[in-house]
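Topology and contacts: notes
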Amino acid sequence: MRLEGDVIVDVEPDIGYVHRTMEKLAEGRAFIKNIPLFERATIIDANNISLGYVRALEKLLDVEPPPRARYLRTILSEMNRIQSHLYGIGIAGIMLNHSTIFMWAFGDREIWMQLAEELTGARLTHSYSIPGGVRRDLPDGFEERFEKAARYMLRRLEDYGKIFLYNPMIRSRYEGVGILKKHEAERLGVVGPNLRASGVRYDARLLGDYGAYAELDFEVPVQEEGDCFARMVQRVEEIKVSIEIIRQALKKIPDGPILTEKYLRMLPPKVRERVTKTGRVKFPAIFANLRPSAGEAVARVEMARGEVFFHLVSDGGPKPYRVRVVTPSFRNLVLLRLLPRGHRFMDLLAIYGSLDYFPPEADR
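Residues numbered from 1 in each chain as written. Predicted model: local features only at pLDDT ≥ 70, side-chain atom pairs only at ≥ 80, totals over all residues. Heavy atoms only, no water.

Quick notes on the overall build of the protein chain
The helix and strand tally for the protein chain stands at 17 helices and seven strands. For a compact globule of 364 residues, the expected C-alpha radius of gyration is about 21 Å, and the protein chain comes in at 21 Å, within 12% of that figure. Referenced to the eigenvectors of the C-alpha coordinate spread, the extents of the protein chain come out at roughly 70 × 45 × 30 Å. The proportion of buried residues among the 364 residues of the protein chain is 57%. One finds the centroid of the 55 positive side-chain charges in the protein chain at a distance of 5 Å from the centroid of its 49 negative side-chain charges. (Helix = DSSP H or I, 4+ residues; strand = E, 2+ residues; numbered from the N terminus. Rg over C-alpha atoms; globule rule 2.2 N^0.38 Å. Buried < 20%, exposed > 50% of the residue type's maximum accessible area, 1.4 Å probe, protein only. Lys, Arg positive; Asp, Glu negative; His and termini not counted. Charge placed at Lys NZ, Arg CZ, Asp CG, Glu CD.)

If you want it as structure tokens, here you go:
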């Protein structure tokens with residue numbers, strides 16, 4: 001960072017300290033084994049990032065998940081979105097020395113992590129979405145426990161506003177700081193809440209290429225100001241929308257299998273019977289030996305921080321020939337150079353926190 005006094009003149013992000021060569025590692029693994037690999041890029045948003053890979057793989061395999069599986073994927077994706085936004089709010093708060101919102105947000109995040117664990121069997125890296133479906137069905141009583149969590153979360157968001165977001169001291173740190181204008185956001189290819197907080201109503205969920213979003217009624221919120229305050233408000237509003245999406249999905253979820261009929265028929269009779277009876281799918285040999293036809297496919301999924309893009313290339317073998325992933329934090333990285341210029345040194349903390357930048361996701 002270059003300063004004149006305490007005014008920021010230039011910022012040069014120095015990334016790569018958590019680079020783990022995920023794209024190259026993916027070329028040496030069986031297709032199915034890359035699902036838990038890519039989850040490690042964003043463990044707090046594991047289903048959304050792995051779902052992008054799974055959707056690209058499904059296109060190469062020419063399979064589609066059954067309706068019930070699409071709804072289950074949507075439910076988990078939105079729970080991941082909620083817990084990721086709570087993580088971001090807590091980190092942004094502690095950057096401004098507001099320890100209360102940090103503890104509140106991280107404590108409330110536990111509720112959604114517990115629900116995700118009940119659904120998937122894993123607290124963070126779920127490996128829930130698999131080609132042609134999901135691994136587990138809804139547990140008994142899940143809808144009632146979700147409703148209890150939803151009512152609590154909506155009340156807590158009001159408390160967040162009183163103690164943090166609409167606190168005059170916090171507003172003075174956020175309002176008018178780090179403004180990203182609409183045309184700049186579009187020109188730079190910014191994604192996610194940072195884009196929508198600048199007035200651009202773009203969301204990969206609206207493309208209808210994955211999940212059950214095309215069958216649900218929801219409105220993507222946007223803000224117009226494009227400053228730090230707008231970006232923080234945007235995430236709070238998105239939590240409310242995610243709760244409504246899950247509520248609708250639980251009411252509309254159809255009956256039926258959680259794995260496509262094509263793969264169910266390939267299972268041994270006893271295994272198929274167990275899957276049908278228990279609603280749980282392990283990783284049998286049919287997944288270990290996946291060999292998509294030679295070709296390539298792309299997929300886009302709306303993660304909590306924005307759109308993730310997967311480009312998957314197969315040469316007909318048991319491993320990918322090439323996997324390319326572009327994450328939202330990487331696409332939003334340019335803002336760490338652009339937005340702080342002209343602001344005072346301490347404004348960098350407000351700007352950085354409002355962007356919800358996640359280094360492991362960018363470095364992958």
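Considerations on the sheet that holds strand 6 (residues 306-314)
Read from one edge to the other, the open sheet built from three strands follows the order 5-6-7, with strand pairing classed as antiparallel. In this open sheet, the two edge strands, each paired with only one partner strand, are strand 5 (295-303) and strand 7 (322-326). Strand after strand, the sheet turns through a mean of 10 degrees between neighbouring axes, direction not considered. On top of the sheet, helix 3 (residues 46-61) reaches strand 5, strand 6 and strand 7; it is set at about 150 degrees to strand 5, its chief contact. (Pairing = 2+ DSSP bridges. Axes fitted to C-alpha atoms, helices over the stretch in contact; angles between N-to-C directions. Contact = heavy atoms within 4.5 Å.)

What to know about the packing of aromatic side chains
In total, this model carries 14 aromatic pairs according to the counting rule given. In this structure, R109 packs its charged tip against the face of F106, placed 5.7 Å from the ring centre. (Phe/Tyr/Trp six-rings, centres within 6.5 Å; stacked < 30°, edge-to-face > 60°. Lys NZ or Arg CZ within 6 Å of the ring centre and 35° of its normal.)

Details of a nonpolar patch on the surface
The grouping of M1, L3, F345, M346 and L349 at the surface amounts to a nonpolar patch, some 440 Å² of accessible area in total. Here F345 is to be found in the loop between helix 15 (335-338) and helix 16 (347-355). On the accessibility criterion, F345 (40% relative accessible area) is partly exposed. (Patch = residues over 30% accessible without salt bridge, like charges linked within 9 Å, V, L, I, M, F, W, Y side chains within 5 Å. Areas by Shrake-Rupley, 256 points an atom, 1.4 Å probe, with all protein chains shown as cover. Salt bridge = Lys/Arg side-chain N within 4 Å of Asp/Glu carboxyl O.)

A look at the nonpolar core
By size, the foremost hydrophobic cluster in this structure holds 101 residues, and its most contacted members are Y53, M79, W112, Y174, F287 and F310. Ranked by residues supplied to this core, first place goes to helix 10 (residues 228-252) with 12 residues. Contacts of M79, omitting those with residues within four sequence positions, involve W112, L115, A116, L119, F142 and I246. (Core = buried A, V, L, I, M, F, W, Y, C linked by side-chain atoms within 4.5 Å.)

So, the pattern of salt bridges
Counted under the stated rule, the structure contains 37 salt bridges. Look at the salt bridges and you will find they share partners, linking E78, R81, R196, D203, R205, E238 and E302 into a network.

Describing the side chain of E302
Take E302: it is sitting in strand 5. Judged by relative accessible area, E302 falls into the buried class, the value being 1%. Within the structure, the side chain of E302 is placed 3.1 Å from the side chain of R196, a separation counted as a polar contact. Beyond its immediate sequence surroundings of up to four residues, E302 is in contact with N48, R81, G192, R196, D203, A204, R205, Y210 and E307. (Polar contact = N/O pair within 3.5 Å; in protein donor to acceptor, adjacent residues only side chain to side chain.)

As for the packing of helix 10 against helix 16
At their nearest, the axes of helix 10 and helix 16 sit 9 Å apart, and the two run at 30 degrees to each other. Accordingly, the angle class assigned to the pair helix 10 and helix 16 is roughly parallel. Helix 10 and helix 16 meet at a crossing whose hand is left-handed. Contacts between helix 10 and helix 16 pair C228, R231, M232 and R235 from the former with A350, I351, G353, S354 and L355 from the latter. Here the residues of the contact of helix 10 with helix 16 sort into five nonpolar, two polar and two charged. (Parallel < 35°, antiparallel > 145°, perpendicular 65-115°, else oblique. Left-handed = near helix turned anticlockwise from the far one by under 90°. Nonpolar A, V, L, I, M, F, W, Y, C, P; charged D, E, K, R; others polar.)

What to know about the environment of N289
In this structure, N289 sits in the loop between helix 13 (285-288) and strand 5. According to the relative accessible area criterion, N289 is exposed, its value standing at 55%. Sequence separation of N289 and A30 is 259 residues, and the distance between their C-alpha atoms is 7.7 Å.

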